[in-house]
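Next come the chains, spelled out residue by residue.
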Amino acid sequence: MSPQVESISYKDFARTVKMQRLLLMTLRNVGLAILVAAYVTRITQAAEIDPAALIAETKHRFETRISGGQYMRSSCSPTAADDWPGVELLRCTYRELNTEATVTLALPSAAQLARWTVSACRDAGATDMRACARHIEKRIWSASNAQFPVRGYVIEPHSVLGGASNEAYCFLFRDGVTVRTAAVTSRVPQGGKCAPQSAENDPITRAFTYARIASTTRAELALAPGAPSEADLAGKAFPDAVRKEFVAAWASDRNRLISGAAIADKAKGEFN
């Protein structure tokens, strides 16, 4: 092959390589532009969701869940408690896993749950409000079926503590938190019942980790705007603080127990 032919072939090759590189860069830039456009569109769509429409949608979803049943809502009658002013309470005696228990409940309506959920998503700074609302709705339902035990016993399957799933276990609650007294901790039923009932009014010696209705921890509640610090929620102070939060939320669009949970879940990447 002559030197002239070699020179021409090299130039053609170099030109081809340059063109391929330009093509790849163009494709890469176009792909990046598409991704950016999709992301901006998603954010814009999330921002454009009408809050009233999202509340109505979330309310309907909670109505559907509630209509499917809340297992502690059985044989109930209205009651009241001095430290729960303005909150509608029910005294219920129910059966679960062949065991009877009595509990005082606060049962927020679907409308209240929806307003609290959307407010929580705002407090969390969610960019996809609908995804956040769906997540919080599922968290509430998984944690409690939207049932807040003011005092009394909650029956759960023993499997939550490693026992058999078809065996009942009685958890003593005070102001939305599992507690222990000097005489009673969570226990197996006594003669087919959660007992003694008197324990629901005894001084508590320990308050455990989670608060209904969203299984909110002390650290999560402390994240909500204006909430007490985690130090102020330590130990036996937790149930009393939870009660105050729930009473304040009853006539409000915001429930800081839910807002704190949403803020924590947003930070963990559970939703955008």
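What counts and what doesn't
Residues numbered from 1 in each chain as written. Predicted model: local features only at pLDDT ≥ 70, side-chain atom pairs only at ≥ 80, totals over all residues. Heavy atoms only, no water. Axes fitted to C-alpha atoms, helices over the stretch in contact; angles between N-to-C directions. Helix = DSSP H or I, 4+ residues; strand = E, 2+ residues; numbered from the N terminus. Parallel < 35°, antiparallel > 145°, perpendicular 65-115°, else oblique. Left-handed = near helix turned anticlockwise from the far one by under 90°. Contact = heavy atoms within 4.5 Å. Buried < 20%, exposed > 50% of the residue type's maximum accessible area, 1.4 Å probe, protein only. 1 Å grid on protein atoms, 1.4 Å probe; cavity = no way out; pocket = protein on both sides within 12 Å on 5 of 7 lines; lining within 4 Å. Points joined across faces, edges and corners; volume = space filled by probe spheres on them. Nonpolar A, V, L, I, M, F, W, Y, C, P; charged D, E, K, R; others polar.

S.K.: Help me out: how do you make sense of the packing of helix α4 (residues 129–144) against helix α7 (residues 256–267) in this one?
M.R.: Each pair of packed helices can be described by the angle between their axes along with the distance between the axes. For the pair α4 and α7, interaxial distance at closest approach is 11 Å and the crossing angle is 120 degrees. What the angle tells us is that α4 and α7 run oblique. α4 and α7 meet at a crossing whose hand is right-handed. Residues His 135, Ile 136, Arg 139 and Ile 140 of α4 form the contact with α7, whose own contacting residues are Ile 258, Ala 261, Ala 262 and Asp 265.

S.K.: I tried to follow the side chain of Ser 119 on my own but got confused; where do I start?
M.R.: Structurally, the position occupied by Ser 119 is in helix α3 (residues 110–123). Ser 119 gets classed as buried once you look at its relative accessible area, which sits at 6%. Apart from residues no more than four positions distant in its own chain, Ser 119 is found in contact with Asp 253, Arg 254 and Ser 259.

S.K.: Mind showing me how you'd approach the packing of α3 against α7 here?
M.R.: The interhelical angle for the contact between α3 and α7, taken along N-to-C directions, is 45 degrees, at an axis separation of 8 Å. Of the possible angle classes, the one that applies to α3 and α7 is oblique. Between α3 and α7 the crossing geometry is right-handed. The residues of α7 that touch α3, namely those facing Trp 116, Ser 119, Ala 120 and Asp 123, are Ile 258, Ser 259, Ala 262 and Ile 263.

S.K.: It is not clear to me how the side chain of Asp 265 should be interpreted in this structure. Could you clarify?
M.R.: Take Asp 265: it is sitting in helix α7. Here Asp 265 is in contact with His 135, Arg 139, Glu 270 and Phe 271, once residues within four sequence places are set aside.

S.K.: What is the right way to read the layout of surface pockets from this model?
M.R.: Gaps left between atoms are located by rolling a probe of water-molecule size over the structure's atoms. In this structure, the largest pocket spans a volume of roughly 430 Å³. What lines the largest pocket is a set of 18 residues, among which Phe 171, Phe 173, Thr 178, Tyr 210 and Arg 212 lie closest to the centre. Those elements giving two or more residues to the lining of the largest pocket turn out to be α4, β5 (168–174), β6 (177–181) and β7 (204–211). It is β7 that provides the largest number of residues to the lining of the largest pocket, a total of 4 residues. Grouping the amino acids of the lining of the largest pocket by side-chain chemistry returns 8 nonpolar, 7 polar and 3 charged.

It is worth stressing that arrangement in space is one thing and function is another; only the former is reported here.
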